[in-house]
Amino acid sequence: MRLERSIAAFARARATIAGGVNSPVRALGAVGLSPVFMKSGSGAMLYDLDGHEYLDYVMSWGALLLGHAHPAVTRAIVNAAMRGTSFGTPTELESELAELVASMMPSIERLRFVSSGTEATMSAARLARGFTGRPKIVKFAGCYHGHADSFLIAAGSGALTHGTPDSPGVTPGTARDTLVLPFNDAPAVGRAFESNRGQIAAVIVEPYPANMGLVLPRDGYLRHLHELCSEHGALLIFDEVITGFRVARGGAQAREGIVPDLTTLGKIIGGGLPVGAFGGRADVMAQLSPDGPVYQAGTLSGNPIAMAAGLATLGVIAADAALYDRLEELTLRLTDGLGAVMSEHAVQHVCNRAGSMFTMYFTSAPVGDLESALRSDRTLYARYFSAMLDRGVYLAPSPFEANFLSAAHTPQEIDRTVAAADASFSHLVAAQAR
Ligand code: HOZ
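What comes next concerns the included structure. Remember, it's a predicted structure, so these values are computed and weren't measured experimentally.

Parameters at a glance
Residues numbered from 1 in each chain as written. Predicted model: local features only at pLDDT ≥ 70, side-chain atom pairs only at ≥ 80, totals over all residues. Heavy atoms only, no water. Helix = DSSP H or I, 4+ residues; strand = E, 2+ residues; numbered from the N terminus. Rg over C-alpha atoms; globule rule 2.2 N^0.38 Å. Buried < 20%, exposed > 50% of the residue type's maximum accessible area, 1.4 Å probe, protein only. Contact = heavy atoms within 4.5 Å. Areas by Shrake-Rupley, 256 points an atom, 1.4 Å probe, with all protein chains shown as cover. Lys, Arg positive; Asp, Glu negative; His and termini not counted. Charge placed at Lys NZ, Arg CZ, Asp CG, Glu CD. Near = heavy atom within 4 Å. Polar contact = N/O pair within 3.5 Å; in protein donor to acceptor, adjacent residues only side chain to side chain. Nonpolar A, V, L, I, M, F, W, Y, C, P; charged D, E, K, R; others polar. Phe/Tyr/Trp six-rings, centres within 6.5 Å; stacked < 30°, edge-to-face > 60°. Core = buried A, V, L, I, M, F, W, Y, C linked by side-chain atoms within 4.5 Å. Expected span 1.5 Å × (residues − 1). Pairing = 2+ DSSP bridges. Axes fitted to C-alpha atoms, helices over the stretch in contact; angles between N-to-C directions. Left-handed = near helix turned anticlockwise from the far one by under 90°.

**Some remarks on the overall build of the protein**
Secondary structure assignment for the protein yields 16 helices and 14 strands. Over its C-alpha atoms the protein spans a radius of gyration of 21 Å, differing by no more than 12% from the 22 Å that the globule rule assigns to 434 residues. Taken along the three principal axes of its C-alpha coordinates, the protein extends 65 × 55 × 45 Å. The buried share of the protein, reckoned over its 434 residues, is 55%. Within the protein, contacts between residues at least 6 apart in sequence are counted, and of these 71% link residues at least 24 apart. Of the roughly 17600 Å² of accessible surface on the protein, a fraction of 53% belongs to carbon and sulfur atoms. Averaging the locations of the 34 positively and 40 negatively charged side chains of the protein gives two centres separated by 5 Å.

Dropping the structure here:
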């Protein structure tokens, strides 16, 4: 495949942008390529600078539940922009979106909008510390909660992909206050609470971790976390930046029937614009400035254009009772199809799926934590990614990321994707035989 314009665009970007990208996961280093520069997107499709089109399974890292350039969202953005881009004062749009979010996710009694998922988790951690008066946060290996210092320890996503799960620049003091445990290991959490009595402010977890690829919690594991937090006076923070409005209208907490103390949101809540939010128990949120002493702020927090995009997106979701069933059905059609193709070509694989997100690991044993995820064959994944790209399918550019469908994907496009996988593996097997 010829990607001359993308290659030239990357060379140009590298001259002024650090690493040529504004977020490392876009660099495509994990699959041995250089970034594909996109020109536009529509529905399930992406269009690159060189004139290729791709069926997109990244969907802006899960943000675009409704697909690219959804008409209702685009209209809302344009209309909001005509009224002014930012006021630095409250608008009623913020309350409208807050009310809609709270109605869809009842654990959120109060919330605050920020501009990214990183800001949401960073602020939630500070709030948990301020509320409890305790220093330590428990996180799980391979979970990624954005790039605030407290979380760049055994982190997933780009930090894992690029080999820096413990980032330089995080001070030993900060690292000491983050306790890292293996995901899905219930006794480890009990032991951590025992040996850090009165020290743990919060346990933060992606209920369905999606930054070491997708990993699902064992039965009862999340409930166990909830019970331990209650017993020890710590807060349970569900990081639903990815799963919120993705795996169900009410997020993973609705599917699992768990009411966390705090929830962090991002991605879909902004309909493709930069929005995050954190919220939960009213007594905890009351500690935030100006009502309380825990400081948190942002010039563009609750930005009117971003609020309008979020409102339009959640409005479409709220009005479509069958949306999540349709997405789930479509995703099953895809993962079943891909699984069948891989079996036919004798490729060892394990598929983890929740709602409209999934990861295919190239390994034979179940994947339930970072250690098992790391057994996935990265070289094969890189070759698979390239072969699919050649056939017009844009997958997650790392074996340690999730793939996402959108409401814009059609059964025909799913079948095309499965056919592309079949052709890809035929090509890879033939290439290996040569
Ligand atoms: N959570 C996203 C990837 N897993 C973040 C995207 C980014 O880092 O750019």
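Having seen the model, we can carry on.
**Describing the site of the ligand**
Close to the ligand lie S23, V25, W61, S157, N211, K267 and E401, which account for all nearby residues. A distance of 2.5 Å separates an oxygen atom of the ligand from a polar atom in the side chain of S23. A distance of 3.0 Å separates a nitrogen atom of the ligand from a polar atom in the side chain of S157. Burial of the ligand by the surrounding chains reaches 84%, relative to a free accessible area of 280 Å². Of the residues in the shell around the ligand, the class split is two nonpolar, three polar and two charged.

**Concerning the packing of aromatic side chains**
Inspection of every chain in the model, using the stated rule, returns ten aromatic pairs. Consider the rings of F140 and F183, whose centres lie 6.0 Å apart with planes at 85°: the pair is edge-to-face. Residue F140 is found in strand β5 (residues 136–140), and its partner F183 is found in the loop between β6 (178–181) and α8 (186–195); the two are separated by 43 residues along the sequence. Take F140: its relative accessible area is 0%, and that puts it in the buried class. For F183, a relative accessible area of 1% translates into the label buried. When the centroid spacing of 5.1 Å and the interplanar angle of 20° are considered together, the rings of Y384 and F425 count as stacked. A residue pair is termed long-range when its members are at least 10 positions apart, and Y384 in helix α15 (residues 378–390) and F425 in helix α16 (residues 411–433) qualify at 41 residues. For the pair formed by Y384 and F425, the shared burial category is buried.

**A few points about the nonpolar core**
In this structure, Y384 and Y394 are the most contacted members of the largest nonpolar core, which totals 41 residues. At the level of secondary structure, the elements contributing two or more residues to this core comprise β2 (45–48), β3 (53–56), α13 (323–344), β12 (357–361), α15, β13 (393–394) and α16. Here this core gets eight residues from one element, more than from any other, and that element is α15. Not counting the four nearest positions on each side in its chain, Y384 is found in contact with L338, M342, F362, L395, F425 and L428. Listed in part, the 33 residues of the second largest apolar core include I108, V275, A306 and I317.

**Overview of helix α12 (residues 304–319)**
Its 16 residues give α12 an end-to-end C-alpha distance of 22 Å, which sits within 8% of 22 Å, the value for a rise of 1.5 Å per residue. When you tally the buried positions in α12, you get twelve out of 16 residues, the bulk of the element. Listing the buried residues of α12 in full gives P304, I305, A306, M307, A308, A309, G310, L311, A312, T313, L314 and I317. Lining the buried residues of α12 we find α3 (71–82), α4 (92–104), β4 (110–114) and α13. If you check the start of α12, you find a side-chain oxygen 3.0 Å away from the backbone N of I305, and it comes from N303.

**What about the sheet that holds strand β9 (residues 262–265)?**
The mixed open sheet is built from seven strands, whose spatial order is β4-β10-β9-β8-β7-β5-β6. Either end of the sheet is taken by a strand with one partner, and the two such strands are β4 and β6. Neighbour-to-neighbour, the strand axes of this sheet turn through a mean angle of 20°, independent of strand direction. Sheet analysis places β9 next to strand β10 (residues 276–280), joined by four bridges and oriented antiparallel. By the bridge assignment for β10, L262 is matched with G280. Contacting β4, β5, β7 (200–205), β8 (235–239), β9 and β10, helix α5 (residues 117–132) runs over the sheet at an angle of about 165° to β9. On top of the sheet, helix α9 (residues 221–232) reaches β5, β7 and β8; it is set at about 145° to β8, its chief contact.

**A short note on α13**
Between its terminal C-alpha atoms α13 stretches 32 Å, which fits the 32 Å expected from 22 residues at 1.5 Å a residue. Where α13 is concerned, the buried positions are L323, Y324, L327, L330, T331, L334, T335, G337, L338, G339, V341 and M342. Those residues of α13 that are buried lie in contact with α12, β11 (350–354), β12, α15 and α16. Downstream of α13 by a residue or two, A346 has a phi angle that is positive, lying close to 55°.

**So, unusual backbone geometry**
At the junction of S289 and P290, the peptide bond is cis and its omega measures out at 15° in the coordinates. Looking at the element boundaries, P290 is found in the loop between α11 (282–285) and α12. Positive phi is not limited to glycine here, since A154 has a value of about 50°. Its location among the elements puts A154 in the loop between β5 and α6 (157–161).

**So, the packing of α4 against α12**
In contact at an axis separation of 9 Å, α4 and α12 are set at 35° when each is read in the N-to-C sense. Crossing angle aside, the handedness with which α4 passes α12 is left-handed. For the pair formed by α4 and α12, the contact residues are L93, E94, E96, L97, L100, V101 and M104 on the first element and P304, M307, G310, L311, L314, G315, I317 and A318 on the second. Looking at the contact of α4 with α12, its residues break down into eleven nonpolar, two polar and two charged.

All quantities given are derived from atomic positions and should not be read as evidence of function.
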